[in-house]
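Architecture and fold: a report
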Amino acid sequence: MSTGSPRPARPSSRGRVLVVEDETYVRDSLAEILREKGYEVVESGSVGEAMRVVAHAPVDVVLTDFRLPGADGLELVRQVQAGAWDLPVVVLTGQGTIASAVECLKNGASDYLLKPADPEALEIALERAMTGRALRREVQYLRAATGEVQPLGESPAWRRALEMIDAAALTDSVVLLRGESGTGKDLLARRLHQRSRRGSGPYIRVNGGAVPLELWESEFFGHRRGSFTGASADREGWFQLAHRGTLFLDEVGAIPSPAQPKLLRAIQDGEFHRLGEQQPTRVDVRIVAATNADLETDIKDGRFRADLYYRLNVLQIRVPPLRERGDDVELLARAFVSEVASRLGRPAPDLDAATVDRLRAYSWPGNVRELRSVIERALVLHPDRGLAALDLAPEPVDAAVSGGSNAGTPPAPDDLALRENLNRLERSLLVEAHRRAHGVRREAARLLGIDARNLAYYCRKHGLDPDTLGG
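Below: a short report on this structure.

Calculation notes
- Residues numbered from 1 in each chain as written.
- Predicted model: local features only at pLDDT ≥ 70, side-chain atom pairs only at ≥ 80, totals over all residues.
- Heavy atoms only, no water.
- Salt bridge = Lys/Arg side-chain N within 4 Å of Asp/Glu carboxyl O.
- Helix = DSSP H or I, 4+ residues; strand = E, 2+ residues; numbered from the N terminus.
- Buried < 20%, exposed > 50% of the residue type's maximum accessible area, 1.4 Å probe, protein only.
- Patch = residues over 30% accessible without salt bridge, like charges linked within 9 Å, V, L, I, M, F, W, Y side chains within 5 Å.
- Areas by Shrake-Rupley, 256 points an atom, 1.4 Å probe, with all protein chains shown as cover.
- Pairing = 2+ DSSP bridges.
- Axes fitted to C-alpha atoms, helices over the stretch in contact; angles between N-to-C directions.
- Contact = heavy atoms within 4.5 Å.
- Parallel < 35°, antiparallel > 145°, perpendicular 65-115°, else oblique.
- Left-handed = near helix turned anticlockwise from the far one by under 90°.
- Nonpolar A, V, L, I, M, F, W, Y, C, P; charged D, E, K, R; others polar.
- Polar contact = N/O pair within 3.5 Å; in protein donor to acceptor, adjacent residues only side chain to side chain.
- Phe/Tyr/Trp six-rings, centres within 6.5 Å; stacked < 30°, edge-to-face > 60°.
- Lys NZ or Arg CZ within 6 Å of the ring centre and 35° of its normal.

All chains considered together, the criterion is met by 29 salt bridges. The salt bridge partner of D166 is R191, with a shortest N-O separation of 3.0 Å. Pair noted here: D166 is in helix α6 (residues 156-168) and R191 is in helix α7 (residues 185-194), with a separation of 25 residues, a long-range link. We classify D166 as partly exposed; its relative accessible area is 23%.

In structure tokens form, the structure reads like this:
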């Protein structure tokens with residue numbers, strides 16, 4: 001036995017692995033490999049013993065031999081899946097066949113590896129299994145926290161959209177939601193997902209305009225470790241994360257042109273190649289896309305592929321703007337007043353008839369998102385005046401100072417100071433939104449709750465060049 005210097009302390013456990021293997025020397029070898037890589041290991045020699053461990057001790061992943069005395073690894077997979085543990089199982093065998101691999105995966109195994117186990121491949125399989133489990137738990141938590149989506153609205157235009165969403169939920173067809181920015185397309189996409197047969201699966205939302213072209217393939221399809229500089233670990237792309245669920249492609253019209261053929265193939269074939277892999281990855285994903293762009297014009301101008309448009313435009317649902325929703329304005333406003341006041345810990349102010357008339361008369365270029373923002377701004381900045389301070393038509397500071405109905409009457413010094421402060425705040429919000437959006441204008445507009453046209457106006461107002469922002 002060596003009496004040299006003690007080994008440095010190992011990092012904290014990366015997870016608890018149950019190794020199920022009847023041959024002692026193989027089990028000991030696997031356990032040693034895993035402990036060297038930082039895992040905590042529990043050992044078992046049979047399916048019955050393994051199930052007793054699972055039932056009485058916390059385990060993060062099971063690594064099992066396929067051939068075991070009595071019940072085999074496939075039976076262990078089935079018993080684990082029948083329980084309520086949500087426990088991933090990686091199957092390891094020295095006599096693998098395509099049929100046995102398919103049978104294990106069909107019954108719920110997360111991966112299938114051949115002996116002798118390559119330590120790196122083993123590590124990747126275990127990490128992938130535990131990452132998948134963590135993501136499933138996060139989805140379950142978020143679903144429990146948010147509950148079923150209940151979109152507010154009783155107007156005929158809104159009810160028609162909801163009826164089409166509920167009808168589409170009964171199918172797996174691709175859905176294209178079209179409507180202005182801020183109309184609630186994400187809300188409807190989530191309702192569609194929750195009411196579909198995939199409602200218990202993941203719901204992944206992706207903003208098509210927020211991913212730079214050089215990262216697009218890795219973000220959507222994933223990569224293997226070492227496939228490019230900086231790829232220090234395996235990564236699952238959004239298509240994999242949405243397996244057996246719904247992938248919501250928001251702002252689909254903003255997806256870069258060079259990436260569109262790859263997206264089309266993935267949607268058509270249900271498979272793709274991760275960066276660094278030769279074999280294709282197959283997924284079962286329902287696609288819901290949304291856009292506020294004029295895709296027909298984009299096709300004519302060469303910015304959007306016609307074949308991708310036809311693949312996405314299977315079931316098209318128009319989401320009405322707020323100005324077409326009549327009494328829904330008051331209904332939504334009352335809900336937002338109650339929500340914001342509750343969050344601020346204040347009593348909800350009254351929404352009187354005069355304020356309702358102002359809200360209904362406004363055109364709402366930013367739609368429901370703008371309505372929420374206007375109400376929150378009034379309640380936060382003017383707690384004493386409440387909804388009497390609703391700002392429905394902001395105007396440039398220079399016009400407010402030099403012109404308008406009060407032209408010729410110099411504003412009071414306090415008014416000037418307030419306007420200057422608001423002007424600085426407005427400018428800083430524009431800069432921050434572009435920074436967070438990495439210079440992508442559509443995403444910056446979304447973060448601010450306005451459309452692209454209003455974003456351009458505010459940038460001109462403050463002398464900002466969007467092309468130089470977000471770096």
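Let us now look at a nonpolar patch on the surface. Residues L344, V380 and L381 make up a contiguous nonpolar surface patch of roughly 220 Å² in combined accessible area. If you trace the backbone, V380 turns up in helix α15 (residues 367-381). Exposure remark for V380: the relative accessible area of 39% places this residue in the partly exposed category.

Our focus in this paragraph is the sheet that holds strand β4 (residues 89-93). Pairing is parallel across the open sheet formed by five strands, whose spatial order is β2-β1-β3-β4-β5. Each edge of the open sheet is held by one strand with a lone partner, namely β2 (40-44) and β5 (111-114). Recorded for the sheet is a direction-independent mean angle of 20° between the axes of neighbouring strands. Pairing between strand β1 (residues 16-20) and β2: five bridges, direction parallel. Pairing of V20 across the sheet is with S44, part of β2. Each of β1, β2, β3 (61-65) and β4 is contacted by helix α1 (residues 24-36), which is oriented at about 170° to β2, the strand it contacts most.

Moving on: the sheet that holds strand β14 (residues 315-318). Read across the sheet, five strands follow the order β7-β10-β13-β6-β14 without closing on themselves; strand pairing throughout is parallel. A single partner strand is all that each edge strand has here, and the edge strands are β7 (203-207) and β14. Strand-to-strand twist across the sheet, computed as the mean angle between neighbouring axes with direction ignored, equals 20°. Bridge count between β7 and strand β10 (residues 245-250): five bridges; the pairing is parallel. Bridge pairing in β10 places Y203 opposite T246. Set on the sheet, α6 makes contact with β6 (175-178), β13 (285-291) and β14; between it and β14 the angle comes to about 155°.

What follows deals with the packing of helix α13 (residues 328-344) against helix α14 (residues 353-361). When two helices pack together, their arrangement is captured by the angle between the axes and the distance separating the axes. Look at α13 against α14: their axes get within 9 Å of each other, and the N-to-C directions meet at 120°. Between α13 and α14, the crossing angle belongs to the class labelled oblique. Two packed elements cross with a definite hand, and for α13 against α14 that hand is right-handed. Here V329, E330, A333 and R334 of α13 come into contact with α14, specifically with V356, L359 and R360. Grouping the constituent residues of the contact of α13 with α14 by class yields four nonpolar, no polar and three charged.

Time to look at the side chain of S44. Within the element layout of this structure, S44 appears in strand β2. For S44, the side chain forms a polar contact with the main-chain oxygen of S46, separated by 3.2 Å. Those residues in contact with S44, other than ones at most four positions away along the chain, are L18, V19, V20, E21, R27, E49 and A50.

Now for unusual backbone geometry. Even without being glycine, R244 reaches a positive phi, approximately 65°. One can find R244 in the loop between α9 (238-241) and β10. What makes R244 exposed here is its relative accessible area of 57%. Despite not being glycine, E251 shows a phi value in the positive range, around 50°. Note that E251 resides in the loop between β10 and α10 (260-269).

What follows is about the packing of aromatic side chains. In this structure the tally under the stated criterion is nine aromatic pairs. Taking 5.2 Å as the distance between ring centres and 85° as the angle between the ring planes, the aromatic pair formed by F220 and W238 counts as edge-to-face. You can see F220 sitting in helix α8 (residues 213-221) and its partner W238 sitting in helix α9, a full 18 residues away along the chain. Note on accessibility: F220 and W238 belong to one class, buried. Over the ring of W158 we find R325; its NZ or CZ atom is 3.8 Å from the centre of that ring.

In β6, alternate side chains face the same way, and those of V175 and L177 on one face and L176 and R178 on the other are all buried. Where β6 lies against β13, four bridges are found, and the strand directions are parallel. The residue of β13 that forms the bridge with L177 is A290. Sheet topology note: the β6/β14 ladder contains four bridges and is parallel. Looking at β14, one finds that R178 is bridged to R318.

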